[in-house]
Amino acid sequence: NVFVSPHSISLALAMTYAGAAGNTATQMRDVLRFGADHAATHEAFNALDLELAIRGDEIVPDDQGNPFELSVVNAAWGQTGYTFLPGYLDVLALNYGAGIRLLDFAAQPDPSRLVINDWVADQSNDRIKDLLPPNSISDLTRLVLTNVIYFKANWMNQFDKAATQDGVFHRNDGSTVTVPTMHINEDLAYGTAADCQFVALPYVGGQVAMYVIVPDAGRFDVVEAALDGPTLGQMIGGATMAHGKLALPKFTFEFSSVLNDALAGMGMTDAFDGD
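Peer 1: Mind showing me how you'd approach the environment of Leu201 here?
Peer 2: Among the structural elements, Leu201 can be located in strand β6 (residues 196-202). On the accessibility criterion, Leu201 (4% relative accessible area) is buried. Along the backbone, Leu201 and Ala189 are 12 residues apart, and their C-alpha atoms lie at a distance of 7.8 Å.

Here's what the structure looks like:
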């Protein structure tokens, strides 16, 4: 499994882009598909965050539980005594709500790392721990930009705890594992596509949903390789309401990745060349 937030990646890189110039800025703009209007790019991110922030404000009936919680927070951590251009700090504060927080990376790199990790853990209700691994902050660090997204929601169609029982889950390598499996018998948006089937599980309020995609046996790699934005959009658009029984295993997983090589390979070379 891979769990990523493209929005987080875009936000963090957009905050970085606000301070870039020359070839670095040009390469970032091309790779990230930002528009030519520098200010409009940051205003668009601000507008998107404001739109996301109000999605959980709707009033829902008491018997459906609480509306979903969605929190998107950014922060800039700067070296004490280091001079940052006021215009850059203004962009971060105005468009990303990221005020500058001062730490002494030069004299206390690891304690500074722990301060940032504690902040991230607090903002994510302890879901994201140790975001910055040991040695990721050095005495040469001058600025760290962090983005945290926290999402929590109740299912619109609640799973009955009494119906949860052990079931067999088939792993991609052909092996199986026994896991607690939730069950529901409900009307859900369902569909089939090339080499897979999928179902939508809406959250309270109907503003957001989880889409679960199950590749046909032996076709996981094919489905994964073909799954891009337009393909997913077509799948969602082709779903129809259907009544059926759904078995969903309980799961938890973590994923981490360093994007330097991937971004450089896409053309953002100057940002990582050490000069």
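Peer 1: How do you make sense of helix α2 (residues 22-32) when you look at a structure like this?
Peer 2: Residues spaced three or four apart along an α-helix point in a common direction, a consequence of the helix completing one turn every 3.6 residues. The complete set of buried residues in α2 reads Ala25, Gln27, Met28 and Val31. Around the axis of α2, the buried residues are gathered within 165° of arc, so they sit on the same side. Opposite its buried face, α2 presents the exposed residues Gly22 and Asn23, each directed more than 90 degrees away. On the buried face of α2, the contacting elements are α1 (6-17). The positive-phi residue at the C-terminal boundary of α2 is Arg33, with phi of around 60°.

Peer 1: Which parts of the structure should I look at to understand the environment of Lys245?
Peer 2: Summarising the element assignment, Lys245 is placed in strand β8 (residues 240-249). Using a relative accessible area of 77% as the deciding quantity, one classes Lys245 as exposed. Along the backbone, Lys245 and His183 are 62 residues apart, and their C-alpha atoms lie at a distance of 7.1 Å. Here Lys245 is in contact with Ile184 and Asn185, once residues within four sequence places are set aside.

Peer 1: Where do I start with the pairing of strand β4 (residues 165-170) in this structure?
Peer 2: For a regular strand, side chains alternate in direction, first toward one face of the sheet and then toward the other. Where β4 and strand β5 (residues 176-193) come together, 6 bridges link them in antiparallel fashion. Counterpart to Asp166 in the pairing with β5 is Pro180.

Peer 1: Sorry, what's going on with helix α4 (residues 86-96) here?
Peer 2: Those residues of α4 not exposed but buried are Tyr88, Leu92, Asn95 and Tyr96. Considered in projection along α4, the buried side chains sweep an arc of 100° and stay on one side of the axis. Exposed and facing more than 90 degrees away from the buried side of α4 are Pro86, Asp90 and Leu94. Contact partners of the buried residues in α4: α1, α3 (38-53), β1 (69-79) and β3 (143-152).

Peer 1: Whenever I open this one, a nonpolar patch on the surface confuses me. Can you help?
Peer 2: A surface patch of nonpolar side chains, amounting to about 290 Å² of accessible area, comprises Tyr211, Leu227, Leu232 and Ile236. Assignment of secondary structure puts Ile236 in helix α7 (residues 229-237).

Peer 1: I tried to follow the packing of α1 against α4 on my own but got confused; where do I start?
Peer 2: The angle between the axes and the distance between the axes are what describe a pair of packed helices. Contact geometry of α1 with α4 gives a least axis separation of 10 Å together with a crossing angle of 150°. It follows that α1 is roughly antiparallel to α4 by the angle criterion. Facing Leu11, Ala14, Met15 and Thr16 of α1, the residues of α4 in contact are Tyr88, Leu92 and Tyr96. Within the contact of α1 with α4, the residues separate by chemical class into 6 nonpolar, 1 polar and no charged.

Peer 1: Please explain the side chain of Gln27 as it appears in this structure.
Peer 2: Within the fold, Gln27 resides in helix α2. One polar contact links the side chain of Gln27 to the main-chain amide nitrogen of Asp270, over a distance of 2.9 Å. If sequence neighbours within four positions are ignored, Gln27 has contacts with Gly267, Met268, Thr269 and Asp270.

Peer 1: Is there a simple way to think about unusual backbone geometry in this case?
Peer 2: For residues besides glycine, phi is generally negative; the peptide bonds are generally trans as well. Notably, Asn135 is not glycine yet its phi reads approximately 75°, a positive angle. For Asn135, the location among the structural elements is in the loop between α5 (109-123) and β3. One non-glycine residue, Asp195, lies in positive phi territory at about 70°. Within the secondary structure, Asp195 is located in the loop between β5 and β6.

Definitions and cut-offs
- Residues numbered from 1 in each chain as written.
- Predicted model: local features only at pLDDT ≥ 70, side-chain atom pairs only at ≥ 80, totals over all residues.
- Heavy atoms only, no water.
- Helix = DSSP H or I, 4+ residues; strand = E, 2+ residues; numbered from the N terminus.
- Buried < 20%, exposed > 50% of the residue type's maximum accessible area, 1.4 Å probe, protein only.
- Arc of directions from axis to C-beta.
- Contact = heavy atoms within 4.5 Å.
- Pairing = 2+ DSSP bridges.
- Patch = residues over 30% accessible without salt bridge, like charges linked within 9 Å, V, L, I, M, F, W, Y side chains within 5 Å.
- Areas by Shrake-Rupley, 256 points an atom, 1.4 Å probe, with all protein chains shown as cover.
- Salt bridge = Lys/Arg side-chain N within 4 Å of Asp/Glu carboxyl O.
- Axes fitted to C-alpha atoms, helices over the stretch in contact; angles between N-to-C directions.
- Parallel < 35°, antiparallel > 145°, perpendicular 65-115°, else oblique.
- Nonpolar A, V, L, I, M, F, W, Y, C, P; charged D, E, K, R; others polar.
- Polar contact = N/O pair within 3.5 Å; in protein donor to acceptor, adjacent residues only side chain to side chain.

Taken by themselves, the reported measurements are silent on function.
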